[in-house]
Amino acid sequence: MLDVIRKRRSIRAYLDQDVEAGKLKEVLKAAMFSPSSRGRRAWEFIVVKNDITKKTLSDATPYSFFVKKAPVAVVICYDATKGRRFKEDASICAEHIHLEAVNQGLASCFVQVTDATGPHGDAEVYVKGVLGIPDEYRVQCMMPIGYPAEEFPEHSDSEYDESKIHIEKF
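Residues numbered from 1 in each chain as written. Predicted model: local features only at pLDDT ≥ 70, side-chain atom pairs only at ≥ 80, totals over all residues. Heavy atoms only, no water.

(A) Quick peek at the pairing of strand 2 (residues 72-79). Judged by how many residues are buried, strand 2 sits mostly within the fold: eight of eight residues are covered. The pairing of strand 2 with strand 7 (residues 137-146) spans eight bridges and is classified as antiparallel. Bridge assignment links cysteine 77 to a residue of strand 7, and that residue is valine 139. (Buried < 20%, exposed > 50% of the residue type's maximum accessible area, 1.4 Å probe, protein only. Helix = DSSP H or I, 4+ residues; strand = E, 2+ residues; numbered from the N terminus. Pairing = 2+ DSSP bridges.)

In structure tokens form, the structure reads like this:
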């Protein structure tokens, strides 16, 4: 597992190459296998491949501009009537997407939506409007996915810092 974690980077540039349906399905399975508070599994996933929709979503925040260039974007939503730990549960799903994307030879990036502001105001309200997401749902993030157009070095053991580990007390 550490070999996949070492390779995971936030990638914002993707090749102009479709993501195979089988690979995307494995990424979505990984998201659905993620733990959730009280086992509620209150998350939902919107898979966006339409270029016009991705371009529109890329205007959600100042930091989402690259969503339009990804072959696919997965929007992580959460039914607030079914669960209480929206940010935690949805963020765990996002990390599962990150890791399985790498495992499939793909790349991704966490694009914050909740608590973000963009040129259209509240990014969550904007994304919900673009995608027709019901009011009772929250939107944590968008996860653009594709084949990386750039390579980054893997994480190394030099990043392991024992001074950050405290035993029993700080």
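(B) Spatial organisation of the packing of aromatic side chains. Enumeration over the complete set of coordinates arrives at three aromatic pairs. Relative to phenylalanine 45, the ring of tryptophan 43 has its centre 5.6 Å away and its plane inclined at 40°; by these criteria the two rings are tilted. In this pair, the class of tryptophan 43 matches that of phenylalanine 45, namely buried. A ring pair is formed by phenylalanine 65 and phenylalanine 66, whose centres lie 5.4 Å apart and whose planes are at 80°; its orientation type is edge-to-face. Classification of phenylalanine 65 as partly exposed rests on a relative accessible area of 46%. (Phe/Tyr/Trp six-rings, centres within 6.5 Å; stacked < 30°, edge-to-face > 60°.)

(C) Geometry of helix 2 (residues 21-32). With twelve residues, helix 2 extends 16 Å from end C-alpha to end C-alpha; this agrees with the ideal 16 Å at 1.5 Å per step. Of the residues making up helix 2, those classed as buried are Leu24, Val27, Leu28, Ala30 and Ala31. What you see down the axis of helix 2 is that its buried residues fit within an arc of 155°, all on one side. Elements that come into contact with the buried residues of helix 2 comprise strand 1 (43-48), strand 2, helix 4 (86-103) and strand 7. (Expected span 1.5 Å × (residues − 1). Arc of directions from axis to C-beta. Contact = heavy atoms within 4.5 Å.)

(D) Structural context of a positive patch on the surface. Taken together, the side chains of Arg38, Arg40, Arg84 and Arg85 define a basic patch exposed on the protein surface. If you trace the backbone, arginine 40 turns up in the loop between helix 2 and strand 1. (Patch = residues over 30% accessible without salt bridge, like charges linked within 9 Å, V, L, I, M, F, W, Y side chains within 5 Å. Areas by Shrake-Rupley, 256 points an atom, 1.4 Å probe, with all protein chains shown as cover. Salt bridge = Lys/Arg side-chain N within 4 Å of Asp/Glu carboxyl O. Lys, Arg positive; Asp, Glu negative; His and termini not counted. Charge placed at Lys NZ, Arg CZ, Asp CG, Glu CD.)

(E) Geometry of the side chain of serine 34. Secondary-structure assignment places serine 34 in the loop between helix 2 and strand 1. Only 2.7 Å separates the side chain of serine 34 from the backbone oxygen of alanine 31, close enough to count as a polar contact. Those residues within four positions of serine 34 in sequence are excluded, and the remaining contacts are Trp43, Ile92, Cys93 and His96. (Polar contact = N/O pair within 3.5 Å; in protein donor to acceptor, adjacent residues only side chain to side chain.)

(F) Helix 4, seen in detail. The terminal C-alpha atoms of helix 4, which comprises 18 residues, lie 26 Å apart, in line with the 26 Å expected from a rise of 1.5 Å per residue. Looking at helix 4, one finds that the buried residues are Phe86, Asp89, Ala90, Cys93, Ala94, Ile97, His98, Leu99, Glu100, Ala101 and Val102. For helix 4, the elements touching its buried residues are helix 1 (2-7), helix 2, strand 1, strand 2, strand 3 (107-108) and strand 7. Where helix 4 ends, the next residue or the one after it, glycine 105, has phi of about 80°, a positive value.

(G) Main features of the pairing of strand 7. Of all ten residues in strand 7, nine are buried, a share of seventy percent or more. Inspection of the sheet shows strand 3 paired to strand 7 by two bridges, in the antiparallel sense. Paired with serine 108 across the two strands is isoleucine 145, which belongs to strand 7. Note that strand 4 (residues 111-112) and strand 7 share two bridges and pair antiparallel. Residue pairing in the sheet places valine 111 in a bridge with methionine 142 of strand 7.

(H) Fine view of the state of the cysteines. Applying the stated criterion across every chain, the model contains zero disulfides. Of the cysteine sulfurs around cysteine 93, a residue in no disulfide, the closest is that of cysteine 141, at 8.7 Å. In this structure cysteine 93 comes out as buried when scored by relative accessible area, which is 0%. (Disulfide = S-S within 2.5 Å.)

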